[in-house]
Amino acid sequence: VLEAAAETSGLSPPDVLERIRADERRADLLDLTLVAATRTSSQQKLRALGRVLAAGITADNDTEVDSTFVLARIVGEMDPPHIRALAFIAEQGRFNPGVDPSGGDSLGRWLQEAFPGLGGVSNQVGAFLVGNGLVTNPFYVNGAMSITELGRMVLGLGRDAGPQQ
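A. Seen up close, the packing of aromatic side chains. Scanning the model with the defined rule gives 2 aromatic pairs in all. Ring geometry for Phe 88 and Trp 110: centres 5.4 Å apart, planes at 35°, overall tilted. Residue Phe 88 is found in helix α6 (residues 80-92), and its partner Trp 110 is found in helix α7 (residues 106-114); the two are separated by 22 residues along the sequence. Exposure remark for Trp 110: the relative accessible area of 15% places this residue in the buried category. Geometrically, the ring pair formed by Phe 88 and Phe 115 is edge-to-face, given 5.3 Å between the ring centres and 75° between the ring planes. In this pair, Phe 88 is assigned in helix α6 and Phe 115 in the loop between α7 and α8 (122-131), connecting sequence segments 27 residues apart. The class of Phe 88 is partly exposed, set by a relative accessible area of 24%.

In structure tokens, the structure reads:
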């Protein structure tokens, strides 16, 4: 995480640590990202956490630092099904997941059809994406759904650097 933060910020590792030591909130952000990093082996997630940390240590004001805490928590809680579903929704553009005739969660049903391996967690995956503002809530936009700017930002955090971005 520290390595990715240094690379992303353009600062040397000692400069990254100095900025963190100089500000209690940035130290708290480091703690938050490191705790999340201990719960994953995903290079994509580690890279994303490092980029969030870099944004926090290079932020120009308190509001920007505050927003990195939100990003760190979202990225820290994401699991592979959340990332796959979010990327799939991004590829779909604006779409309507339909109405579930049984009265259940239409997004969960739609995700279950798109990813049969999700089993009984498709509703939770959909609720996580909507609840964290990563996709629009189809109930509030005439049944239509799409990825939000926050969702695009979160997806971008985990991408490899280079021409594919």
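So much for the structure itself; the text now carries on.
B. Region of the structure containing the side chain of Ser 122. Along the chain, Ser 122 falls in helix α8. Given the relative accessible area of 6%, Ser 122 is considered buried. If near-sequence neighbours (up to four positions away) are discounted, Ser 122 is found in contact with Gly 108, Leu 111 and Gln 112.

C. Spotlight on the pattern of salt bridges. In the structure shown here, the tally under the stated rule is 6 salt bridges. Here Glu 113 and Arg 109 are joined by a salt bridge, their closest N and O atoms 3.3 Å apart. Of this pair, Glu 113 and Arg 109 both sit in helix α7, separated by 4 residues, roughly a single helical turn. Arg 109 gets classed as partly exposed once you look at its relative accessible area, which sits at 22%. A single salt-bridge network, built from bridges that share partners, covers Arg 25, Asp 62 and Asp 66.

D. Fine view of the confidence of the model for the protein. Per-chain confidence: the protein averages 87 in pLDDT, with 88% of residues scoring 70 or above. Per-residue pLDDT, averaged within each element of the protein, yields its smallest value for α7 (84) and its largest for helix α3 (residues 24-37) (96).

Conventions used here
Residues numbered from 1 in each chain as written. Predicted model: local features only at pLDDT ≥ 70, side-chain atom pairs only at ≥ 80, totals over all residues. Heavy atoms only, no water. Phe/Tyr/Trp six-rings, centres within 6.5 Å; stacked < 30°, edge-to-face > 60°. Helix = DSSP H or I, 4+ residues; strand = E, 2+ residues; numbered from the N terminus. Buried < 20%, exposed > 50% of the residue type's maximum accessible area, 1.4 Å probe, protein only. Contact = heavy atoms within 4.5 Å. Salt bridge = Lys/Arg side-chain N within 4 Å of Asp/Glu carboxyl O. pLDDT = per-residue confidence, 0-100.

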